[in-house]
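Structure assessment
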Amino acid sequence: MNDIDIPASLQDKIFEIRSNSDGLILKIISYFPFSELEKQNIISVLNQPNFSGFHSIFTDYVSEDEWSKTKDQIKNRFRNELFDIDDTS
């Protein structure tokens, strides 16, 4: 996931990090929206104080407890659906 020292608890919530050829982070795509505190934690390690490229796949906010209980199921289902998207059989 790039060479950024994002805490593991937040890395777990990230689907993809997109950067340019210079290594500048352009977009961070999470499964669910980050809280403001989580965004600030990420911005502090990015060394990009004006970063605003947060995006999420789903729009619902989930609690830490909900995330902990369902993250594996959500990740697996999402990945499986993405891989099957081009399957025409």
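Up top is the structure these notes are about.
Described in the following lines is the structure provided in the data block. Within each chain, residues carry numbers counting from 1 in the order of the written sequence. Confidence filtering applies because this is a predicted model: local features only for residues at pLDDT of at least 70, side-chain atom pairs given and counted only at 80 or more, and all residues used for totals across whole chains, interfaces and linings. Hydrogens and water are ignored here; the side-chain numbers use all heavy atoms of the structure.

Some remarks on the overall build of the protein
To be explicit about the condition: Strands here mean DSSP runs of E at least two residues long; helices mean DSSP runs of H or I at least four residues long; both are numbered from the N terminus. Note on classification: 1.4 Å probe, protein chains only; a residue is buried when its accessible area is under 20% of the maximum for its type, exposed when over 50%, partly exposed between these limits. Should any heavy atoms of two residues lie within 4.5 Å, those residues are counted as being in contact. For the accessible areas, the method is Shrake-Rupley and the probe is 1.4 Å, while residue cover comes only from the protein chains on display.
Secondary structure assignment for the protein yields three helices and three strands. Along the protein, helices and strands appear, N-terminal first, in the series α-β-β-α-β-α. By the burial criterion, 29% of the 89 residues in the protein qualify as buried. For the protein, restricting intrachain contacts to residue pairs at least 6 apart in sequence, the fraction spanning at least 24 positions comes to 49%. Working note: accessible area of the protein is about 6,300 Å², and carbon and sulfur atoms make up 46% of it.

Digging into the nonpolar core
Note the threshold: Buried Ala, Val, Leu, Ile, Met, Phe, Trp, Tyr and Cys residues form a nonpolar core when they are joined through side-chain atoms within 4.5 Å.
Formed by 13 residues in total, the largest nonpolar core has its most connected members in I28 and I42. Elements with a contribution of two residues or more to this core: strand 1 (14–19), strand 2 (25–30) and helix 2 (36–46). If you look at the next biggest cluster of nonpolar residues, it comprises five residues, including Y31, F32, W67 and I74.

With respect to unusual backbone geometry
The phi dihedral of N47 falls on the positive side, at around 60°, and the residue is not glycine. With respect to the helices, strands and loops of the structure, N47 is situated in the loop between helix 2 and strand 3 (54–56).

Thoughts on helix 2
The condition that has to hold: Think of it as the arc spanned by the lines of direction from the helix axis to the C-beta atoms.
For helix 2, the set of buried residues is E38, I42, I43 and L46. Along helix 2, the residues classed as buried sweep out an arc of 135° about the axis, all on the same side. Facing away from the buried surface of helix 2 by more than 90 degrees, the exposed residues are E36, L37 and S44.

So, the sheet that holds strand 1
Spelled out, the test is: If DSSP finds at least two bridges between two strands, the strands pair. In this analysis an axis means a line fitted to C-alpha atoms, helices contributing only their contacting stretch, and an angle means the value between N-to-C directions, from 0 to 180 degrees.
Strand order in the open sheet made by the three strands is 1-2-3, with mixed pairing throughout. A strand with exactly one partner marks an edge of an open sheet, and here the two such strands are strand 1 and strand 3. Ignoring strand direction, the axes of neighbouring strands in this sheet form an average angle of 20°. Alignment of strand 2 against strand 3, held across three bridges, turns out to be parallel. Bridge pairing links I29 to H55 in strand 3.

Regarding the side chain of S30
Secondary-structure assignment places S30 in strand 2. Sequence-distant contacts of S30, that is, excluding residues within four places in its chain, are made with K13, I14, F15, H55, S56 and I57.

Focus: the pattern of salt bridges
We apply this condition: The salt bridge criterion pairs a side-chain nitrogen of Lys or Arg with a carboxyl oxygen of Asp or Glu, the two atoms within 4 Å.
Using the criterion set out here, one finds seven salt bridges in the structure. A salt bridge links R18 to E16; the nearest nitrogen and oxygen atoms lie 3.2 Å apart. Its salt-bridge partner being K69, residue D65 comes within 3.2 Å of it at the nearest N-O pair. Taken as a pair, D65 and K69 lie in helix 3 (residues 64–83) at a separation of four residues, close to a single helical turn. A relative accessible area of 63% means that K69 is categorised as exposed. Salt bridges here are not isolated pairs; linked through shared partners, they connect D12, K71 and K75.

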